[in-house]
Amino acid sequence: MRALVLERPAPAATGPLRLAGAPDPVAGPGELVLRVAACAVCRTDLQICEGDLAPRRLPIIPGHQAVGRVVAIGRGVADWRPGDRAAIGWLGGACGTCRACSAGRENLCRAATFTGWDRDGGFAELVAVRADFTLRLPDGFGDLDAAPLLCGGVIGYRSLLVSGIRPGGRLGLYGFGASALLAIQVARYWGCEVFVATRSPRERDRALALGAAWTGGYDDPPPAPLDAAITFAPAGTVVIAALRAVDRGGTVAINAIHLDRIPEFPYEDLWGERSLRSVANYTREDARAFLDLAARIPVRTEVEVHSLADGNLALARLAAGEVAGAAVLLPGA
Ligand SMILES: [Zn+2]
Ligand SMILES: [Zn+2]
């Protein structure tokens, strides 16, 4: 098969991915092999390719928002058939027995494995996945539309849950990339008033078009205190700005797997039972709940399509903030 292989992290502009031939993956016990139709590019892929996230295995095939069809079924898998449409996200597996897994918090499993970081991912024609972590997609989404929902969408949804925002509440979104674009659609569906802070004039226009009540810069105070906020920008200063904008009792949920650092801030910014929480990964239950909700709303996102050979271009465009919705690789193209 053909795949995009990362041998050594390097700046996106220098083209860290190499298009190469790789052995076809085999479906081990409990696994499926999917023929990848579409794989969206996530900021986390960029952070792995550039080395902001330390590699867990090299060489590795990145990509963790893949939609495809089942082409091979390993021993012990009963509930999948050849040709079934299937999808895989960031959570590639969890142990199933630790305290976190037993408590329904597999997103916090210390033995969890991640697609495109621990195991080869979807920037390839074929990918082997754990059958029990493979997702079914509701009808109504094409492969292209579904791919960007699998990480940005699901984790955005978990961020909404972690932020504690209630229907009709006042929600702040700090940064307005692929994940926020999807989260605002859920929040608007819940009747929330949404305030979007971003440096980018283009992103402000996009936010207003999706029903934001207000847009501004990171340090502009929103016109009313927020019940909750989610930060998407991977900068600690933005976390502090969000904390200053939430009302007493409000929560700031940090949707970032990598953050530079959080600068020192006065305790009075946290005082009044404000909370600061990180959002780590997601559970399969989050994924199923979000995909059903997204099909009902329906959540839509703009996609730009690239062939596998243009993987480095897609990464560079994401790094430069040039991707309007989500970049999606089509390994069959
Ligand atoms: Zn576990
Ligand atoms: Zn991701």
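Conventions used here
- Residues numbered from 1 in each chain as written.
- Chains lettered and ligands numbered in written order.
- Predicted model: local features only at pLDDT ≥ 70, side-chain atom pairs only at ≥ 80, totals over all residues.
- Heavy atoms only, no water.
- Donors = N, O, S within 2.8 Å, 3.2 Å for Na, K, Ca; no water.
- Helix = DSSP H or I, 4+ residues; strand = E, 2+ residues; numbered from the N terminus.
- Tetrahedral: all angles 85-135°; square planar, octahedral: opposite > 155°, others 65-115°.
- Buried < 20%, exposed > 50% of the residue type's maximum accessible area, 1.4 Å probe, protein only.
- Axes fitted to C-alpha atoms, helices over the stretch in contact; angles between N-to-C directions.
- Parallel < 35°, antiparallel > 145°, perpendicular 65-115°, else oblique.
- Contact = heavy atoms within 4.5 Å.
- Nonpolar A, V, L, I, M, F, W, Y, C, P; charged D, E, K, R; others polar.
- Phe/Tyr/Trp six-rings, centres within 6.5 Å; stacked < 30°, edge-to-face > 60°.
- Lys NZ or Arg CZ within 6 Å of the ring centre and 35° of its normal.
- Salt bridge = Lys/Arg side-chain N within 4 Å of Asp/Glu carboxyl O.

## Comments concerning the coordination of the zinc ion (ligand 2)
In step 1: Listed as protein donors to the zinc ion (ligand 2) are Cys42 (SG), His64 (NE2) and Cys151 (SG); their distances from the metal cover 2.0 to 2.2 Å.
In step 2: Counting residues between consecutive donors of the zinc ion (ligand 2) along the chain gives the motif C-x21-H-x86-C. Of this pair, Cys42 sits in the loop between strand 3 (31–40) and helix 1 (43–50) while Cys151 sits in the loop between helix 3 (143–146) and helix 4 (152–163), and the two are 109 residues apart along the sequence.

## With respect to the coordination of the zinc ion (ligand 1)
In step 1: The protein atoms that coordinate the zinc ion (ligand 1) are Cys95 (SG), Cys98 (SG), Cys101 (SG) and Cys109 (SG), at distances spanning 2.3 to 2.4 Å.
In step 2: Here the zinc ion (ligand 1) binds four donor atoms, and the angle range of 104 to 117° at the metal identifies the geometry as tetrahedral.
In step 3: For the zinc ion (ligand 1), the donor residues sit on a single chain with the sequence spacing C-x2-C-x2-C-x7-C. With Cys98 in the loop between strand 6 (91–93) and helix 2 (99–102) and Cys109 in the loop between helix 2 and strand 7 (113–114), this pair connects stretches of sequence that are eleven residues apart.
In step 4: Assessed through its relative accessible area of 24%, Cys98 is described here as partly exposed.

## With respect to the packing of helix 4 against helix 8 (residues 284–296)
In step 1: At a closest axis distance of 9 Å, the pairing of helix 4 and helix 8 adopts a crossing angle of 100°. On the basis of the axis angle, helix 4 is roughly perpendicular to helix 8. Residues Gly153, Val154, Tyr157, Arg158 and Leu161 of helix 4 lie in contact with helix 8, whose contacting residues are Asp286, Ala287, Ala289, Phe290 and Leu293.
In step 2: Within the contact of helix 4 with helix 8, the residues separate by chemical class into seven nonpolar, one polar and two charged.

## As for the packing of aromatic side chains
Pairs of aromatic rings are described using the distance from one ring centre to the other and the angle between the two planes.
In step 1: Considering all chains together, one arrives at seven aromatic pairs under this definition.
In step 2: Relative to Trp271, the ring of Tyr267 lies with its centre 6.2 Å away and its plane at 55°, an arrangement referred to as tilted.
In step 3: In this structure an aromatic cluster arises from ring pairing among Trp90, Phe114 and Trp117.
In step 4: The ring of Phe133 has Arg284 lying over it, and the distance from NZ or CZ to the ring centre is 3.7 Å.

## Focus on the pattern of salt bridges
In step 1: Evaluation of the coordinates by the stated rule reveals 14 salt bridges.
In step 2: Arg119 is the partner of Glu31 in a salt bridge, and the nearest nitrogen-oxygen pair spans 3.1 Å. Here the residue Glu31 occupies a position in strand 3, and Arg119 occupies one in the loop between strand 7 and strand 8 (126–130), the gap between them amounting to 88 residues. Across the pair, Arg119 and Glu31 agree in class, each one buried.
In step 3: Between Asp120 and Arg57 there is a salt bridge, with the nearest N and O atoms lying 2.9 Å from each other. One end of the pair, Asp120, is in the loop between strand 7 and strand 8; the other, Arg57, is in the loop between helix 1 and strand 4 (66–73), with 63 residues separating them in the sequence.
In step 4: A residue is classified by how much of its surface remains accessible, and Asp120, at 30% relative accessible area, is partly exposed.

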